[in-house]
Amino acid sequence: MPALHPAHATRHRRKSEKKVLRSRHKSIGQPPGSLIHIGEQKVEKTEITAIGYDEKQAVTLSVGNVEECLALKERFKVLWIDVAGLHETGVIEKIGELFGIDPLTLEDILHTGQRPKVEDFERYLYLTLQMLDFNQEHGEVGHEQLSVVVGPGWIITFQERPGDMFDPVRQRIDSPNAKLRKHEADFLAYTLVDAVVDHYFSTLEEIENRIDLLDADLVATFSQESFNALNALKRELIMFRKAVWPLREIIGSISRDDFAVVGDLVEHYFRDVYDHVILVIDTVEVFREIVTSMHETWLAGVNNRMNEIMKFLTMIATIFMPLSFIAGVYGMNFRNMPELNLWWGYYAVLGLMLLIVFGFLKYYRSRKWY
Amino acid sequence: MPALHPAHATRHRRKSEKKVLRSRHKSIGQPPGSLIHIGEQKVEKTEITAIGYDEKQAVTLSVGNVEECLALKERFKVLWIDVAGLHETGVIEKIGELFGIDPLTLEDILHTGQRPKVEDFERYLYLTLQMLDFNQEHGEVGHEQLSVVVGPGWIITFQERPGDMFDPVRQRIDSPNAKLRKHEADFLAYTLVDAVVDHYFSTLEEIENRIDLLDADLVATFSQESFNALNALKRELIMFRKAVWPLREIIGSISRDDFAVVGDLVEHYFRDVYDHVILVIDTVEVFREIVTSMHETWLAGVNNRMNEIMKFLTMIATIFMPLSFIAGVYGMNFRNMPELNLWWGYYAVLGLMLLIVFGFLKYYRSRKWY
Amino acid sequence: MPALHPAHATRHRRKSEKKVLRSRHKSIGQPPGSLIHIGEQKVEKTEITAIGYDEKQAVTLSVGNVEECLALKERFKVLWIDVAGLHETGVIEKIGELFGIDPLTLEDILHTGQRPKVEDFERYLYLTLQMLDFNQEHGEVGHEQLSVVVGPGWIITFQERPGDMFDPVRQRIDSPNAKLRKHEADFLAYTLVDAVVDHYFSTLEEIENRIDLLDADLVATFSQESFNALNALKRELIMFRKAVWPLREIIGSISRDDFAVVGDLVEHYFRDVYDHVILVIDTVEVFREIVTSMHETWLAGVNNRMNEIMKFLTMIATIFMPLSFIAGVYGMNFRNMPELNLWWGYYAVLGLMLLIVFGFLKYYRSRKWY
Amino acid sequence: MPALHPAHATRHRRKSEKKVLRSRHKSIGQPPGSLIHIGEQKVEKTEITAIGYDEKQAVTLSVGNVEECLALKERFKVLWIDVAGLHETGVIEKIGELFGIDPLTLEDILHTGQRPKVEDFERYLYLTLQMLDFNQEHGEVGHEQLSVVVGPGWIITFQERPGDMFDPVRQRIDSPNAKLRKHEADFLAYTLVDAVVDHYFSTLEEIENRIDLLDADLVATFSQESFNALNALKRELIMFRKAVWPLREIIGSISRDDFAVVGDLVEHYFRDVYDHVILVIDTVEVFREIVTSMHETWLAGVNNRMNEIMKFLTMIATIFMPLSFIAGVYGMNFRNMPELNLWWGYYAVLGLMLLIVFGFLKYYRSRKWY
Amino acid sequence: MPALHPAHATRHRRKSEKKVLRSRHKSIGQPPGSLIHIGEQKVEKTEITAIGYDEKQAVTLSVGNVEECLALKERFKVLWIDVAGLHETGVIEKIGELFGIDPLTLEDILHTGQRPKVEDFERYLYLTLQMLDFNQEHGEVGHEQLSVVVGPGWIITFQERPGDMFDPVRQRIDSPNAKLRKHEADFLAYTLVDAVVDHYFSTLEEIENRIDLLDADLVATFSQESFNALNALKRELIMFRKAVWPLREIIGSISRDDFAVVGDLVEHYFRDVYDHVILVIDTVEVFREIVTSMHETWLAGVNNRMNEIMKFLTMIATIFMPLSFIAGVYGMNFRNMPELNLWWGYYAVLGLMLLIVFGFLKYYRSRKWY
Ligand SMILES: [Mg+2]
Ligand SMILES: [Mg+2]
Ligand SMILES: [Mg+2]
Ligand SMILES: [Mg+2]
Ligand SMILES: [Mg+2]
Ligand SMILES: [Mg+2]
Ligand SMILES: [Mg+2]
Ligand SMILES: [Mg+2]
Ligand SMILES: [Mg+2]
Ligand SMILES: [Mg+2]
Ligand SMILES: [Mg+2]
Ligand SMILES: [Mg+2]
Ligand SMILES: [Mg+2]
Ligand SMILES: [Mg+2]
Ligand SMILES: [Mg+2]
Ligand SMILES: [Mg+2]
Ligand SMILES: [Mg+2]
Ligand SMILES: [Mg+2]
Ligand SMILES: [Mg+2]
Ligand SMILES: [Mg+2]
Ligand SMILES: [Mg+2]
Ligand SMILES: [Mg+2]
Ligand SMILES: [Mg+2]
Ligand SMILES: [Mg+2]
Ligand SMILES: [Mg+2]
Ligand SMILES: [Mg+2]
Ligand SMILES: [Mg+2]
Ligand SMILES: [Mg+2]
Ligand SMILES: [Mg+2]
Ligand SMILES: [Mg+2]
Ligand SMILES: [Mg+2]
């Protein structure tokens, strides 16, 4: 089981990768379409993979030289080029040239930390969204920008580093009689977006598991650590919501508006994705409300504990103060204190003290203090 | 009377059935319309019941083989097929084939935990909503997905398990001169939806009863348990709202838009359901606000109690500290302490102590501490 | 002056009449238009009063047999039938038949606790809203459903029990040259709605009086009772808002849309009512914000008091603990304690103690603790 | 400098003039257009001042008899009649007759405490808004209703009492080559509204000054009085917002819609006022957020103080309790206590005590308690 | 590293420059278009710089006499006049005359503290927005109003003082083959707005750095100072949001609506700025939520600390009170106390005391108090 309160979750929360904002210093005052990579370099070399398929065949190639892509484009009904790693801006620029992609689009691809959006350029559709993944060890949601450019017969995806949730899609492409192979590039775009959105559910499930762990932990300890872990989770939900909220509009727009490269059937499938997006957003809101109510439980528990502590202190103090006082009285050194000379005086005082103890105990019992 | 604070309500809150999200692992990366059941299997065998009726007759049959349904469709003006249990995907697929239902619709039927929605497929109308039920013992609202597919002359309902709120409807179908038998399938759809929505009121009444119980309990104890029970109820209301909120739009759309299979008269009746939906949503909001104000009462009460405890401690401590000090002074062993030799010294000190006690008591009375 | 904190206001808050929801058990699964009264029976016998008038005459009749109404309808330009008491569903049904009222409308009339709404049935307009009244003794707002059915030349009002805010209207009808007698039934409808809305202001004034009483009380006591009374008032405001909020849309719709039975002039008057409705809603919101700020004042006061109590305890305890310690030291029984034999030892110790007391007092004064 | 916490600000807050609602008892059930003054009489006699001007001349007259106004209307290009005092309803009615003002408008003029609104009656435009003024002594915003009726060539303003922010406007009218004299009545209307809105900025500046005073005071004292003054200010902001919020819509409507008596150029100027209204509303919202954050600061400070007090008590108590205990031990009267007879026993105990003191002090220092 | 809690940040927060409102006294009641500077004079003399360029040349001139500008306008394809300093209203008026700028626009330029807006005057476009800059030393965001007037072939910018974020733009103008030199004035306007918006990201990055610093500090100290610094930051975010929120609408409008002086290509570029504006607004909201959650952490920490303190006090007090009581008992002077004479009595009592200590310690350990 992962640690519930890793030190870094509460203290070193914001490694540069976890910043809300990616540093944009380099791009200030630059002309539009200046190709500068904003974000961390996350991979040593940009990896380009091309998958071409039609109903009869499907080929996967690791591309060394970008120019090869153009030839592939002719050979297959659908060509999917996947680019992992964004720091080699020359490569991105070259791809842009070959496929006629607008400089502003290329800039958006390179500026990670984009707000999700869709833009129609007639000859292609540009779509950017966030791939989210929950790291159970750190209790953090990882964000990786995915850019999808869909043209007639081709699709290019840009990721920040290799590794994604598209392996089942690749398997379907490889399987000879997959329905996927009968469709155009727009259907592949739908399939990829659907995989990203379906993965949000996995992420949310893992977040729900964490909520359950924290919920159990919270009630057991009421410690500052469990509060901090809760608060860290809350921030992850804030970032999650920021990443998915715009999809409502974006996917809705794809399924409604008449984009050139998206056919009617695929619009129909995007309506299904739209339902999922709404469900994701609803669920994030519910999680936020649950976390807020856990927060309130924590505060209530701390308040309650304080009450318990003070009750205990008050019981002990109020019982012993009168007793000590009586002992103090008979510890005085007055010459004339008749009680001191009675042979039963000591026993009488002890008896009085016992009476006082029982009196207080009865009183506290009547007030249900113990 | 059900237990107010069942242990599981606060500690083991989230059995898999109470998860906000149903596990969707199996469906990630699958092609659209892949018939995979998402949710728990809640019944051993799928039960299919067919009810056929027209003005003259009404027949209820338990269906063993799905193909029988097609024959029944011809025999009656209206055929209602009720399917309870969703894990036998083969059965669902077969029904889909026989009645020409889109794979995406079938997928939605199988993916429980859907957001309520309505979709018009021209030849049929697809509607999904949540049947809610309050479990007084656990203090929890049970959610069960109901899918309704309405075509010309037939209606198919899919539930997660047998048992529903439609028995009065079945009785009306059985009664020879019920108005219901004079109408088409769309009227039956209205009747079913109306029964589901009317049942929300029952659920809300039971929630209100629980609120009243908790309200009484809260003020009496101010315990952590009553707070937790309140918080658990709050979460149930969050889930309730999530389940009914989309109905506003859905039922409004049915009563307004021109769906092929819904006649004008039934639209008129759906407007009545619409009023009820709005009232349900308003009531949930009011309950949420009441629960929030109970939460505040709890916190205020705990704060107030702390005040009472501290007042009591302060009264006892401030009275006995000076007294013990005086006793301490005359317990000192200085050789030269003239007061000790006075025959009335002891009595004078006791008198002084009494004076101090009365002084403090008067002061506290003047500040209304007791 | 009414009691500020009646026991029932805080503890027995929810008599059946104060429930947010009226029990709807009886109506679940019933066909639409089933005439079942939902709500409490609040009067022994349904009372029907008919008022007929035109410019020349005005007659008030107590109606025994519903059929008489039809005859009256012919005799006067305007006929107003007021029905008080809803449990005799037969009577309501009969009226519905005579005046051609839709079963769904009759159902709405009988189902008290409706959300306010307006519905246009071409041959009549149906309007339902809540008559509100503040009960100073219980600190509660009473809700009574008023249904108004306006046809050409007639108007029927349905109330839950006799007694309303329409007496000034009845007086105006009786006065020979009242402008009211020159107008049609729609003007009477406007006059009745205006009276209901104007009465909201009275209710709000009484709520404001109560807020002022509670405000004074709050600051004086900071007791749990005053907090509870405040919270009870908050709930009344929640219910008040729920009752008036829909009127914004309803009255706006009457004054804007072209309903058959509402003339242009009366639309003009309804715009005036619309202004009042907005003012009522704004005022309720302001009251809610004021009550929230009183809530905060209470909490701040309790926190502050705790500070005062702890300051006092700390002052007493920190002064007497060192003193008692010093007395304790010289109460030790060591054989060799030179100070004990000095003739001025006792006085020196007393002096030291005085110094300590003044030192602490000066310190506390410097920190403004007293 | 004005008192920061005048007694009445917190305790007697709601003199009848400060009520949120003006008493409307008299108007309930009255026919529409009944001229009853709602609000307090604030001036002994209604004062009427007429100012007539055109490019060549400008005359200011105190009007004794309302009928005189009609004659003036003919003499000047623009006639501005200012009525201060609303209790003489006869006078208002007479003016209404002379200038053809609708009874509903007259009613609105007399019912002070109106929500701001604009109404177009073709032959005139009716506009009502609130003149606001900050009373530094009481820390309260004064509200006075201003009604403006603008016709072709004339303008009538109704105020609750004499005194307003229009003196600079009057001076501009008196100055021979003021641009104002070249324009029509609609420009004068704009000028008056602009003066009212500009005065909101003055009021807000004074509120900001008060916020600054309270901010300094708050941090210095954390007293209940400073909290109450803050809360009183919050209520003033609630009322301020209620008074200006509707202007957004109203001024926007004047500058956009085609009202008969407002020319294109003046619409252009009203767009400028519109900017100011938005800025006023934004500023009120910012002030509300600042006051809320001050509220949080107060609460945090009180909590922090409690911490300080408890730390101090704990330090003193935990140091002296062990010391007193040791003294108590050697104050016991057992016959056989060897330490008592050692000649260095007393000094050893004193040394032990010093060690304990230093131990605790070091511990507290290590925890940064002092 | 800058000081985290500069005294002025918490105590002298509101120097006149930090006021939410700029003093508008001078402008009340003035005719529209009165050129009065609202805001502080921030520079001794107004500095005017003219930059003219076309594809072949680029010239930068310091303008002494405003009239020179007109000549420059003829010489270049694009003329950019930058005016720094607004108190010399004569200069502003002169520029207005030369370029045909509406008096209301000039007024807006001079009234600093404007809400951002865009206004289309056909022959020119007027745009005002706030240049924001984070002062790490004071922890404050500096606001400076920028007004941009764009006509055909010319652009005039008005700032409150010299110094801005446009130096990279100036460098691009100076570089012979910059794309910028090929475009019209509208492209320069886009470039300037883009630079302002890009600079918001720098400001937000610095705010994020400060948030991180405060986050670390907060958890380490839980002091009132760190709370105050947090609250001060919250207010800066409130002001930041107020400054950027209107840009959503403004930039959206420029990129959508058909303003005369903005070409299609530049609209395309403004859509890119629009994305950035949305991202800025989203980020500000996320920062606000993070600051709120830090606030909650602070409060939770203070509550938790109080618990720790009280636990410690309770442990010490409850252990020593019984011990001191026992010592007190055997310090009593009764003649007949048999235990005192036992030779092992003293040791037995010490043993009993040890037992009590261990008993309590075990109990506290079992409750996890230490
Ligand atoms: Mg850019
Ligand atoms: Mg971009
Ligand atoms: Mg990747
Ligand atoms: Mg999906
Ligand atoms: Mg939102
Ligand atoms: Mg939302
Ligand atoms: Mg899917
Ligand atoms: Mg689906
Ligand atoms: Mg079922
Ligand atoms: Mg119903
Ligand atoms: Mg909502
Ligand atoms: Mg809502
Ligand atoms: Mg019904
Ligand atoms: Mg109904
Ligand atoms: Mg009644
Ligand atoms: Mg009215
Ligand atoms: Mg609302
Ligand atoms: Mg009115
Ligand atoms: Mg609202
Ligand atoms: Mg607290
Ligand atoms: Mg009225
Ligand atoms: Mg006045
Ligand atoms: Mg103005
Ligand atoms: Mg609002
Ligand atoms: Mg708002
Ligand atoms: Mg102005
Ligand atoms: Mg302006
Ligand atoms: Mg500058
Ligand atoms: Mg930019
Ligand atoms: Mg807003
Ligand atoms: Mg917002």
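Once a new chain begins, its residue numbering starts again from 1 and follows that chain's sequence as written. Labels follow written order: the first chain is A, the first ligand is 1, and so on. Only residues with pLDDT of at least 70 get local features here, since the model is predicted, and only at 80 or more are side-chain atom pairs given and counted; chain-wide, interface and lining totals rely on the full set of residues. Computation of side-chain values covers all heavy atoms of the structure but excludes hydrogens and water.

**Q** Would you mind showing me how to read the interface of chain E and chain A here?
**A** Note: interface size is frequently given as the accessible area lost on complex formation between the parts. By the convention used here, residues are in contact when the closest approach between their heavy atoms is within 4.5 Å. Counting residues at the interface gives 68 residues for chain E and 69 residues for chain A. By definition, the buried area sums, over both parts, the 1.4 Å-probe accessible area that each loses when the two are put together. In this assembly, chain E packs against chain A so that about 6000 Å² is buried in total across both faces, 60% of it on carbon and sulfur atoms. Think of a salt bridge as a Lys or Arg side-chain nitrogen and an Asp or Glu carboxyl oxygen that are within 4 Å of each other. Inspection of the chain E/chain A interface yields six salt bridges. Put simply, Asp282(E) and Arg115(A) hold a salt bridge, and the shortest N to O gap is 2.9 Å. Two N or O atoms count as a polar contact when they lie within 3.5 Å, although within protein this holds only if one can serve as hydrogen donor and the other as acceptor, and sequence-adjacent residues are included solely when both atoms are side-chain atoms. Here chain E is connected to chain A by 21 residue pairs in polar contact (both at pLDDT 80 or more). Comment: elements are numbered from the N terminus, with helices defined as DSSP H or I runs of at least four residues and strands as E runs of at least two. Secondary structure elements with two or more residues in the side of chain E that touches chain A: helix H5 (167-174), helix H6 (185-221), helix H9 (264-329) and helix H10 (345-366) of chain E. Considering every element that reaches the side of chain E that touches chain A, the biggest residue donor is H9(E), with 35 residues. For this scheme, ten residues count as nonpolar: Ala, Val, Leu, Ile, Met, Phe, Trp, Tyr, Cys and Pro. Four count as charged, namely Asp, Glu, Lys and Arg, and the remainder, Gly too, count as polar. Looking at side-chain class alone, the side of chain E that touches chain A contains 33 nonpolar, 19 polar and 16 charged residues.

**Q** In this structure, what is going on with the relation of the copies chain D and chain C? I would like to understand it.
**A** A rotation about some axis, followed by a shift along it, carries one copy of the chain onto the other. For the pair chain D and chain C, the best superposition has an RMSD of 0.1 Å and corresponds to a rotation of 72° with a translation of 0.1 Å parallel to the axis. Accordingly, the operation relating the two chain copies is best matched by a five-fold axis. Closest approach to the rotation axis within chain D is made by the C-alpha atom of Gly331(D), at a distance of 4.7 Å. For this overlay, a least-squares fit was computed on C-alpha atoms, restricted to residues scoring pLDDT of at least 70 in both copies.

**Q** Is there a simple way to explain the interface of chain D and chain C in this structure?
**A** Across the contact, 70 residues belong to chain D and 70 residues belong to chain C. Interface of chain D and chain C: buried area, both sides summed, is about 6000 Å²; carbon and sulfur atoms make up 60% of it. The tally of links between chain D and chain C comes to six salt bridges. For the salt bridge of Arg241(D) with Glu289(C), the shortest nitrogen-to-oxygen distance reads 2.8 Å.

**Q** I keep staring at the packing of aromatic side chains and nothing clicks. Help me out?
**A** The geometry of an aromatic ring pair is captured by the separation of the ring centres together with the interplanar angle, meaning the angle of the planes. Stacked, tilted and edge-to-face pairs are distinguished by plane angle, under 30 degrees for stacked and over 60 for edge-to-face with tilted covering the rest, among Phe, Tyr and Trp rings (Trp via its six-membered ring) whose centres lie within 6.5 Å. Overall, the coordinates contain 90 aromatic pairs over all chains when judged by the stated rule. Ring geometry for Phe334(C) against Tyr346(D): centres 6.3 Å apart, planes inclined by 45°, an arrangement best described as tilted. Remark: Tyr346(D) occurs in helix H10 (residues 345-366) and Phe334(C) occurs in the loop between helix H9 (264-329) and helix H10 (345-366); the pair is interchain, linking two chains. Three or more aromatic residues joined by ring pairs make a cluster, and in this case those are Phe312(A), Phe360(E), Tyr363(E), Tyr364(E) and Trp369(E). Arg365(D) extends its terminal NZ or CZ atom over the ring of Tyr370(D), reaching a point 4.5 Å from the ring centre. Whether a charge lies above a ring is judged from NZ of Lys or CZ of Arg, which has to be within 6 Å of the ring centre and within 35 degrees of the ring normal.

**Q** I keep staring at the UniProt feature "transmembrane region" (unreviewed entry) in chain A and nothing clicks. Help me out?
**A** Residues and elements named next belong to chain A. UniProt positions are given in the numbering used here, feature names are shortened, and annotations may be inferred rather than shown by experiment. Under the feature "transmembrane region" (unreviewed entry), the UniProt entry names residues 312-332 and 344-364. For the annotated span residues 312-332, helix accounts for 86% and strand for 0% of the residues, and the straight-line distance between the end C-alpha atoms is 31 Å. Secondary structure over residues 344-364 splits into 95% helix and 0% strand, and the C-alpha atoms at its two ends are 30 Å apart.

**Q** What am I meant to see in the sheet that holds strand S5 (residues 125-135) of chain A here?
**A** The strands that make up a sheet pair up through hydrogen bonds in the backbone, lying either parallel or antiparallel. Residues and elements named next belong to chain A. When DSSP finds at least two bridges between two strands, those strands are taken to pair. Ordered by their spatial adjacency, seven strands build an open sheet running S2-S1-S3-S7-S6-S5-S4, and the pairing between neighbours is mixed. Looking along the sheet, the strands with just one partner apiece sit at the ends: strand S2 (58-63) and strand S4 (117-120). Here the average twist between neighbouring strands, direction ignored, is 20°. Bridge count for S4 against S5 is four bridges, and the pairing is antiparallel. Bridge pairing links Glu119 to Tyr126 in S5. Sitting on the sheet, helix H3 (residues 89-99) is in contact with strand S1 (47-53), strand S3 (78-84) and strand S7 (154-159), with an inclination near 165° to S7. The sheet strands contacting helix H8 (residues 247-256) are S4 and S5, and the helix crosses S4 at an angle near 30°. Every axis in this analysis is a line fitted to C-alpha atoms, fitted for helices over the stretch in contact. Angles between the N-to-C directions lie between 0 and 180 degrees.

**Q** What's the story with the arrangement of the chains in this structure? I'm lost.
**A** There is no contact between chain A and chain C; across them, the least C-alpha separation is 9 Å. Separated in space, chain B and chain D share no contact, their closest pair of C-alpha atoms being 9 Å apart.

**Q** Can you help me understand the environment of Trp245(E) in this one?
**A** Residue and element names in this part refer to chain E. By the secondary structure assignment, Trp245 is in the loop between helix H7 (224-244) and helix H8 (247-256). Trp245 sits in the partly exposed class, given a relative accessible area of 42%. The spatial distance from the C-alpha of Trp245 to the C-alpha of Pro116 is 8.7 Å, given a sequence separation of 129 residues. Not counting chain neighbours up to four residues away, the residues in contact with Trp245 comprise Arg115 and Ile281. Throughout this description, buried means an accessible area under 20% of the type-specific maximum (1.4 Å probe, protein chains only), exposed means over 50%, and partly exposed covers the range between.

**Q** Explanation requested: the domain arrangement of chain A in the structure shown.
**A** Residue ranges for the domains trace back to a domain assignment, done automatically or taken from a database. Taken domain by domain, chain A comprises domain 1 (6-300) and domain 2 (311-366). The C-alpha-based centres of domain 1 of chain A and domain 2 of chain A are spaced at 75 Å.

**Q** Any chance you could explain H9(C) here in plain terms?
**A** Three- or four-residue spacings in an α-helix give side chains the same orientation, since the helix completes a turn every 3.6 residues. Helix span, expected: 1.5 Å multiplied by one less than the number of residues in the helix. Between its first and last C-alpha atoms H9(C) spans 97 Å; for 66 residues at 1.5 Å apiece the expected length is 98 Å, and the two agree. With respect to burial, H9(C) is a largely interior element, 53 of its 66 residues being buried.

**Q** It is not clear to me how the sheet that holds strand S4 (residues 117-120) of chain B should be interpreted in this structure. Could you clarify?
**A** Residues and elements named next belong to chain B. What the seven strands build is an open sheet, ordered S2-S1-S3-S7-S6-S5-S4; its pairing is mixed. Edge strands, defined here as strands with exactly one partner in the open sheet, are strand S2 (58-63) and S4. Shown here is a sheet whose adjacent strand axes are inclined to one another by a mean of 20°, direction ignored. As paired elements, strand S5 (residues 125-135) and strand S6 (residues 140-151) share eleven bridges and run antiparallel to each other. Residue pairing for S6: Met131 is matched across the bridge by Glu144.

**Q** What should I look at first to understand the environment of Val169(D) in this one?
**A** Residue position: Val169(D) is located in helix H5 (residues 167-174). Leaving out residues up to four positions away in the same chain, Val169(D) has contacts with Leu180(D), Leu188(D), Thr191(D), Leu192(D) and Ala195(D).

**Q** Before we go on, may I ask you to explain the side chain of Glu160(B) in this structure?
**A** All names here are of chain B. Note that Glu160 resides in the loop between strand S7 (154-159) and helix H5 (167-174). A distance of 3.5 Å separates a polar atom in the side chain of Glu160 from a polar atom in the side chain of Arg22. In this structure Glu160 touches Arg22, Lys42, Val43, Gly85, Leu86, Thr112, His143, Glu144 and Gln145, once residues within four positions along its chain are discounted.

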